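Coordinates in review
For reference, the chains in residue letters:
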Amino acid sequence: MNILGIETSCDETAAAVVRDGHTVLSNIVYTQIAHHRPYGGVVPEIASRKHVEHLPEVITEAVTASGIGWDDLDAIAVTRGPGLASSLLVGLAGAKGLAIRLNIPLIGINHLEGHIYSIFLDHPDMPPASLCPFLALIVSGGHTCFIQVNGIGNYTLLGRTIDDAAGEAFDKGANLLGLGYPGGPAIDKAARSGNPEFVTFPRGFVRKLQARMPGLIPRNCVSFSGLKTALLYYIKDHPLGSGSAADVNNLAASYQEAIVDTLTQRASHVSESAKVFAVVGGVSLNKRLRETMAAMVGKRRLRLILAAPHYCTDNAAMIAGVAFHKWESRHPLDQALDMDADPNLGIGE
Ligand code: KG4
Ligand code: ZN
């Protein structure tokens, strides 16, 4: 079954063709980073305009590069949430039009389940059922959550950030340090020449009263807004003068250490009874996070699985891949042509 995936939830315009859920025939991502960089973050209006401009060519490129014809496509999978409403709508409108034109089914997918699924791409030897149940940590620009994956389409939310996402903390911290956008890769790079013990920034452990979401255990949750404020006050008290590259590197390393240490300590707790632990999303590219997670599981009977680097950040292969399994298992699908975008679509709640 050949599925065309379309992903436009934020600032990447992406399309991919995936066969039988695992074999990625093409994976095209048009990144808009250069257009958002001058503003220090994603500007929704620019994101949706760029999706409108580039989606047709990105889809055409994905189908051409896949080596199959338009008529060989069996279904279209599209991200319908969570994300920026104006961005989601472009992908959804394009996917609907194409589904009508090709007369094939349309499958709406939750962006977060796409991220979880990224570990299965290129692994036909590893069907999801062979790993379930497993624990997944999604760490991206918009999300930070611990999810128990009972099966494809069957998730339990165990914990999450109560404020900023880890990627957001990286992006805001980099902004304060003058390292530019996107902040995660910039801090990752600067931190390699810095001292992580230069400043001890607060770890974002959530106390009982802070967890506002019913049913969630505070010890499974994290908070990153205080960390950003701590960096802001530190820089106010110790201004970054000229020639302070060493200080910037030290602060980047210390700031990164606080995010990574918080996530790793929480992961250690949440994964207590798990056998398999997947870390997915853009922040899972972070070198230090990969080291600390590997060290954490090394002490335990826990298998750590990370997605290939090009599947960590937003892409459409993960959307097409998960759609195959939902289709195959006859999971109740979002597939009506009047399906709407849902910017706040949750997972496992
Ligand atoms: O998954 P993703 O592409 O988009 C969302 O769904 O949000 O993640 C983007 C986020 C950005 O916040 C970016 O700064 C962060 O991932 N990121 C990193 C690294 N590479 C990307 N964060 C830390 N270290 C990295 N190497
Ligand atoms: Zn994402």
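Residues numbered from 1 in each chain as written. Chains lettered and ligands numbered in written order. Predicted model: local features only at pLDDT ≥ 70, side-chain atom pairs only at ≥ 80, totals over all residues. Heavy atoms only, no water.

**Quick notes on the overall build of the protein chain**
- Looking only at helices and strands, the protein chain has 11 helices and 10 strands in total.
- For the protein chain, whose C-alpha radius of gyration is 20 Å, the value lies close to the compact-globule estimate of 20 Å for 349 residues.
- With respect to the principal axes defined by its C-alpha atoms, the protein chain has extents near 60 × 45 × 35 Å.
- Expressed as a percentage of the 349 residues in the protein chain, the buried residues total 54%.
- Only carbon and sulfur atoms are counted for the fraction: they give 52% of the accessible area of the protein chain, which is about 14800 Å².
- A gap of 8 Å separates the mean positions of the 29 positive and 33 negative side-chain charges of the protein chain. (Helix = DSSP H or I, 4+ residues; strand = E, 2+ residues; numbered from the N terminus. Rg over C-alpha atoms; globule rule 2.2 N^0.38 Å. Buried < 20%, exposed > 50% of the residue type's maximum accessible area, 1.4 Å probe, protein only. Areas by Shrake-Rupley, 256 points an atom, 1.4 Å probe, with all protein chains shown as cover. Lys, Arg positive; Asp, Glu negative; His and termini not counted. Charge placed at Lys NZ, Arg CZ, Asp CG, Glu CD.)

**Details of the sheet that holds strand 2 (residues 12-19)**
- Strand order in the open sheet formed by 5 strands is 3-2-1-4-5, with mixed pairing between adjacent strands. Only two strands of the sheet have a single neighbouring strand rather than two, namely strand 3 (23-31) and strand 5 (106-110). Adjacent strand axes in the sheet meet at a mean angle of 20°, parallel and antiparallel pairs treated alike.
- Pairing of strand 1 (residues 2-7) with strand 4 (residues 75-81) involves 4 bridges; the strand directions are parallel. Its bridge partner being in strand 4, Ile3 is matched across the sheet by Ala75. (Pairing = 2+ DSSP bridges. Axes fitted to C-alpha atoms, helices over the stretch in contact; angles between N-to-C directions.)

**Here's the deal with the pattern of salt bridges**
- The final tally for this structure, using the stated rule, is 11 salt bridges.
- The salt bridge partner of Arg203 is Asp261, with a shortest N-O separation of 2.9 Å. Of this pair, Arg203 sits in the loop between helix 6 (183-191) and helix 7 (225-237) while Asp261 sits in helix 8 (residues 245-270), and the two are 58 residues apart along the sequence.
- A relative accessible area of 26% places Arg203 in the partly exposed class.
- By relative accessible area, which is 21% here, Asp261 ends up partly exposed.
- Of the charged contacts, one joins Arg288 and Glu257 as a salt bridge, the two residues approaching to 2.9 Å between their closest N and O atoms. Of the two residues, Arg288 sits in helix 9 (residues 287-298) while Glu257 sits in helix 8, which places them 31 residues apart along the sequence.
- On the accessibility criterion, Arg288 (27% relative accessible area) is partly exposed.
- Judged by relative accessible area, which is 14%, Glu257 ranks as buried.
- Through salt bridges with shared partners, a single ionic network connects Asp164, Glu168, Lys172 and Lys228. (Salt bridge = Lys/Arg side-chain N within 4 Å of Asp/Glu carboxyl O.)

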